[in-house]
Amino acid sequence: MSSRTVAGPATGPRAGGERAPGDRTAAARRGLTRRRTLWFWVFVGPFAAGLALFTYVPLLWSVGLSFFDAHNTVTPTRFVGLGNYTAMLSDGAFTGSLRTFLLFTAFIVPATYVLSLALALMVNRVRRAQAFFRSVFFLPAACSYVVAALIWKMSIFNGVRFGLANTVLDAFGAEPVAWLSTTHPPWYWLVIVTVRLWLQAGFYMILFLAGLQRIDPVLYEAAAVDGARPGPQVLRHITLPQLRATSVAVVLLLVVNAFQSFDEFYNLLSDARGYPPYARPPLVYLYYTALGQGQNLGTGSAGAVILALIIAVVTVGQARWFGLGRTDADG
Amino acid sequence: MDDALVRAGRALRLVLLIALALLFLVPFYLLVRNGLSSEQDITSPDWTLFPSELRWGNIRELFDDTSVPFARSLLNSALIAVATTLGTLVLASLAGYGLARIPYRHANKVFYAVLGTLMVPAAVTFVPSFVLVSSLGWISTLRGLIVPTLFSAFACFVFRQYFLGFPRELEDAAQVDGLGYWRTYWLIVVPNARPVFAAVGTIVFLGAWNSFLWPLVIGQDQSAWTVQVALSSFTTAQVVRLHELFVAAAVSILPLLAVFLCFQRWIVAGVERSGID
């Protein structure tokens, strides 16, 4: 989660011994510094060691493993250079999964952005029961993707007639739809997009609410004096520009989260017969490559590295593009 | 004239909000409705809003069914969520305090090393993490499910930001009284930082309870299944007893709803100050 506070350098710890009385010797001061260093590592050491072991080591291991042949084993067997990478990039299923992801992101990011902003704007201005509405929209955040996928798959969007969606269609005299297995038109998208929308909109609404509450009311008064009509004009010229920093953070989080989508795809689309080749995001593909029957950890690692690089490029690129560094300064 | 327009707009907004709120509650309703229905009431082609009878016995049936390790997976999830939350709070708050308050020449470098891992999407490292955990022999153990998740850069970051803004006077007074860093931390800082502990703790607990990919990868034996993995295995099974599946899902969100309702205020506060904006 990056932010304006992330970009600012740490307000460095004060240099040790700056208030030391004049009669203190250099040796005593060195002793104090040493003692502070020791305490620093007592506090930070366990966390830093764990982070190194469980984040940095796997990362480096993965990069190393991606240059080796490693089937069914975690020990690299044969050096293959960039072989795993070219294999992954020429694998239609993997590149296809990247395309699926791009399409999914193109849907879910604007949809969540608009819905969560709209919810925040409405909840912010409602007078009574504000806490109630905020809770209701935020409540799905306490629900897991597994449970949500179950409700969507087995109760709302069933292919057979007992689903809620088909019951509603039936009331209008329409034919039932096999939601999850219809690819032309891609009805399964409706299922995938709505489940994520339901789960995450409330979380981003909270971020927007926080942003809205920080806007100086004087700005709105000034706009009213200048004759701006409440509604679209104020929204466009005051609210949205003032929410810029929040918007950048929200879009960044949405993109990164969409990149890592796994739970709802896996739980909506896989069944006892396996996983359909359409709608396969990269993580699902990597899961089956590295830990499925083949246990091809070499190419799995190469795929993970490729995915990590794409995420890094998109994240940094988006931050640059929207000037995350600049909004830091004037926020 | 204008007044009437404003009032109409306000009414319209309220109607829209109520409609959306109902829409957001529908999935929860379906979860409970189906969980307390008979199989027929769920799969009947003549779907009705209310089931023909409420079957509270479904809950007992779920725990009596020995073919499904549901009680075990519930216990695993509880152990994992509690251990992860406590461990994360201790490790990350100590680190956050050290980074914020103990002068050390390379503190910034350490901080950036922590921050850097925030940019590494956790899900992308699941393949190498699996490799590491399996080489430690931790597959299908609670250790393997808990320990690797204890080092949350996000939690450390939130604590550091919080302690940076913490009034120094209290700590200065403690130091004058001769308390070292250790006792200052436990006796002065922690009791005064309860809100941030509650906020981070709740977020970590929800995350641990709901996480799926890591438990799926590590919990290969049924004995190490979490409740999410168990639910997922029901949905992909060939033969599904729908009412049991739904009642299991409903039971699985009860602890979360309890935590959520108790600590909602803290989640909101935590999200707001998590450094996102």
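Since we're looking at a predicted model, the values are computed, not measured.

Draft legend 1. Examining a nonpolar patch on the surface more closely. A contiguous nonpolar patch, built from Leu 38 and Val 42 of chain A together with Trp 182, Trp 186 and Leu 187 of chain B and spanning about 480 Å² of accessible area, is present on the exposed surface. Going through the elements one at a time, helix 2 (26–65) of chain A together with helix 10 (181–192) of chain B are the ones with two or more residues in the nonpolar patch. Looking at the nonpolar patch, the element that brings in the most residues is helix 10 of chain B, giving three residues. With respect to the helices and strands, the residue Leu 187 of chain B is situated in helix 10.

Draft legend 2. Up close: a positive patch on the surface. On the surface, Arg 125, Arg 127 and Arg 128 of chain A together with Arg 10 of chain B cluster together into a patch of positive charge. As for its position among the elements, Arg 128 of chain A is in the loop between helix 4 (92–125) and helix 5 (130–138). Using a relative accessible area of 72% as the deciding quantity, one classes Arg 128 of chain A as exposed.

Draft legend 3. Expanded view of the packing of helix 2 of chain A against helix 10 of chain B. The interhelical angle for the contact between helix 2 of chain A and helix 10 of chain B, taken along N-to-C directions, is 45 degrees, at an axis separation of 10 Å. As far as their axial angle goes, helix 10 of chain B and helix 2 of chain A are oblique. Residue-level inspection shows Arg 36, Trp 39, Val 42 and Phe 43 of chain A of helix 2 of chain A in contact with helix 10 of chain B, the latter providing Tyr 181, Trp 182 and Tyr 185 of chain B. Of the residues that constitute the contact of helix 2 of chain A with helix 10 of chain B, the class distribution is six nonpolar, no polar and one charged.

Draft legend 4. Molecular detail of the layout of surface pockets. The calculated volume of the largest pocket comes to roughly 1200 Å³. As for the largest pocket, its lining consists of 30 residues, and the residues nearest its centre are Arg 125, Pro 230, Gly 231 and Val 234 of chain A together with Arg 13 of chain B. Here the lining of the largest pocket gets eight residues from one element, more than from any other, and that element is helix 1 (residues 2–35) of chain B. Taken together, the residues of the lining of the largest pocket sort by class into 18 nonpolar, five polar and seven charged.

Draft legend 5. Region of the structure containing the pattern of salt bridges. Counted by the stated rule, this structure contains seven salt bridges over all chains. Between Arg 78 of chain A and Asp 69 of chain A there is a salt bridge, with the nearest N and O atoms lying 3.5 Å from each other. One salt bridge connects Glu 61 of chain B with Arg 241 of chain B, and the closest N-O pair in it is separated by 3.3 Å. With Glu 61 of chain B in helix 3 (residues 57–64) and Arg 241 of chain B in the loop between helix 13 (227–236) and helix 14 (242–272), the pair connects residues that are 180 residues apart, well separated along the chain.

Draft legend 6. Molecular detail of the side chain of Asn 296 of chain A. Residues and elements named next belong to chain A. Looking at the secondary structure, you find Asn 296 in the loop between helix 13 (282–291) and helix 14 (297–321). The buried category is assigned to Asn 296, whose relative accessible area is 14%. There is a polar contact of 3.2 Å between the side chain of Asn 296 and the side chain of Thr 299. Ignoring anything within four residues of it in the chain, the contact list for Asn 296 reads Ala 70, His 71, Thr 289 and Ala 290.

Draft legend 7. Broad picture of the packing of helix 4 of chain A against helix 8 (residues 187–213) of chain A. All names here are of chain A. With their axes 6 Å apart at the nearest point, helix 4 and helix 8 run at an angle of 45 degrees to one another. In terms of orientation, helix 4 lies oblique with respect to helix 8. Crossing of helix 4 against helix 8: the hand is right-handed. Among the residues making up the contact of helix 4 with helix 8, the classes are represented as 22 nonpolar, six polar and one charged.

Definitions and limits used
- Residues numbered from 1 in each chain as written.
- Chains lettered and ligands numbered in written order.
- Predicted model: local features only at pLDDT ≥ 70, side-chain atom pairs only at ≥ 80, totals over all residues.
- Heavy atoms only, no water.
- Patch = residues over 30% accessible without salt bridge, like charges linked within 9 Å, V, L, I, M, F, W, Y side chains within 5 Å.
- Areas by Shrake-Rupley, 256 points an atom, 1.4 Å probe, with all protein chains shown as cover.
- Salt bridge = Lys/Arg side-chain N within 4 Å of Asp/Glu carboxyl O.
- Helix = DSSP H or I, 4+ residues; strand = E, 2+ residues; numbered from the N terminus.
- Lys, Arg positive; Asp, Glu negative; His and termini not counted.
- Charge placed at Lys NZ, Arg CZ, Asp CG, Glu CD.
- Buried < 20%, exposed > 50% of the residue type's maximum accessible area, 1.4 Å probe, protein only.
- Axes fitted to C-alpha atoms, helices over the stretch in contact; angles between N-to-C directions.
- Parallel < 35°, antiparallel > 145°, perpendicular 65-115°, else oblique.
- Contact = heavy atoms within 4.5 Å.
- Nonpolar A, V, L, I, M, F, W, Y, C, P; charged D, E, K, R; others polar.
- 1 Å grid on protein atoms, 1.4 Å probe; cavity = no way out; pocket = protein on both sides within 12 Å on 5 of 7 lines; lining within 4 Å.
- Points joined across faces, edges and corners; volume = space filled by probe spheres on them.
- Polar contact = N/O pair within 3.5 Å; in protein donor to acceptor, adjacent residues only side chain to side chain.
- Left-handed = near helix turned anticlockwise from the far one by under 90°.

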